[in-house]
Amino acid sequence: MEKANRYIFAGEVIKVPVAWDEALGREAEDYEDYYDGPVYTPAGRPVLLTIEDACPEAEMVDDDPASIDCGSCRHYHQFPGSLLGVCNNEKRRARRSGQSTKTKEEMT
Ligand code: SF4
C-alpha cells in the first residue's frame with residue numbers, strides 16, 4: 001500500500017504520496033511524483049506548491065514587493081508541515097476535469 005499524507009480542506013481529502021528521500025535520509029512527501037502536471041481537488045481547486053508564481057488573480061496578504069508567489073496570497077491555504085496547499089480562489093477553479101482555469105481576460 002502506498003504511503004501518503006492526507007489533508008482535509010473544505011471537506012475534501014487531498015492525498016500526497018510519501019517516499020524515501022535519499023537527500024533527507026528519511027521519508028518525505030514526494031512532490032516530483034505528485035506534481036507531474038496540474039493537480040486539482042475533486043471540486044476543482046488547484047493544489048499548488050507554495051513557491052508557484054502568483055497568478056493574475058492573486059491578492060497578496062501584504063504590500064511587500066517580495067510577495068510574488070502563491071504562499072503570499074490570501075487565497076492560498078498551505079497544509080501544515082507541507083510545501084503544498086490549496087488555492088481557494090473561485091476564479092482559478094476548474095469546472096470539470098481538463099477544463100481550462102483561465103479567466104475570460106486571459107483568453108482574450
Ligand atoms: S489566486 Fe490562487 S493561484 Fe493565484 S496566486 Fe493566489 S493562491 Fe496562487
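To be clear, the structure that these remarks concern was listed above.
Residues numbered from 1 in each chain as written. Predicted model: local features only at pLDDT ≥ 70, side-chain atom pairs only at ≥ 80, totals over all residues. Heavy atoms only, no water.

*Asks:* Even after reading the chapter, I still don't get the overall build of the chain, so can you show me in this structure?
*Replies:* Along the backbone of the chain there are two helices and six strands. N-terminal to C-terminal, the α/β element order of the chain is β-β-β-α-β-β-β-α. A fraction of 39% describes how many contacts in the chain between residues 6 or more apart in sequence connect residues 24 or more apart. Accessible surface for the chain amounts to roughly 7400 Å². Of this, 50% is attributable to carbon and sulfur atoms. (Helix = DSSP H or I, 4+ residues; strand = E, 2+ residues; numbered from the N terminus. Contact = heavy atoms within 4.5 Å. Areas by Shrake-Rupley, 256 points an atom, 1.4 Å probe, with all protein chains shown as cover.)

*Asks:* Looking at this structure, I do not really get the sheet that holds strand 4 (residues 47-49). What am I missing?
*Replies:* Strand pairing in a sheet relies on backbone hydrogen bonds, with the paired strands running either antiparallel or parallel. Within the open sheet, the three strands sit side by side as 4-6-5. Their pairing is antiparallel. Single-partner strands in this sheet number two, and they are strand 4 and strand 5 (76-78). Across the sheet, the mean angle separating the axes of adjacent strands is 40° when strand polarity is ignored. In the sheet, strand 4 pairs with strand 6 (residues 84-87) via three bridges, with the strands oriented antiparallel. The residue of strand 6 that forms the bridge with Leu 48 is Gly 85. (Pairing = 2+ DSSP bridges. Axes fitted to C-alpha atoms, helices over the stretch in contact; angles between N-to-C directions.)

*Asks:* It is not clear to me how the sheet that holds strand 1 (residues 4-9) should be interpreted in this structure. Could you clarify?
*Replies:* Spatial strand order, 1-2-3: three strands in an open sheet with antiparallel pairing. Only two strands of the sheet have a single neighbouring strand rather than two, namely strand 1 and strand 3 (26-29). Averaged over all neighbouring strand pairs, the angle between strand axes comes to 30°, with direction disregarded.

*Asks:* Could you clarify how one ought to interpret the site of the ligand in this entry?
*Replies:* In the region of the ligand, the neighbouring residues are Leu 48, Ala 54, Cys 55, Glu 57, Ala 58, Cys 70, Cys 73, His 75, Tyr 76, Cys 87 and Asn 89. Considered class by class, the residues forming the shell around the ligand number eight nonpolar, two polar and one charged. (Near = heavy atom within 4 Å. Nonpolar A, V, L, I, M, F, W, Y, C, P; charged D, E, K, R; others polar.)

*Asks:* For this particular structure, what's the right way to read the pattern of salt bridges?
*Replies:* Two side chains with opposite charge may pair up if their charged atoms get near one another. A full pass over the atoms with the stated rule returns five salt bridges. One salt bridge connects Arg 45 with Glu 12, and the closest N-O pair in it is separated by 2.6 Å. With Arg 45 in the loop between helix 1 (31-34) and strand 4 and Glu 12 in strand 2 (residues 12-21), this pair connects stretches of sequence that are 33 residues apart. For the residue pair Arg 45 and Glu 12, the accessibility class agrees, reading buried in each case. (Salt bridge = Lys/Arg side-chain N within 4 Å of Asp/Glu carboxyl O. Buried < 20%, exposed > 50% of the residue type's maximum accessible area, 1.4 Å probe, protein only.)

*Asks:* Quick question: what am I supposed to make of unusual backbone geometry here?
*Replies:* The phi angle of most residues is negative, glycine excepted, and most peptide bonds adopt the trans form. Positive phi is not limited to glycine here, since Ala 10 has a value of about 50°. Relative to the helices and strands, Ala 10 resides in the loop between strand 1 and strand 2.

By themselves these figures say nothing about function.
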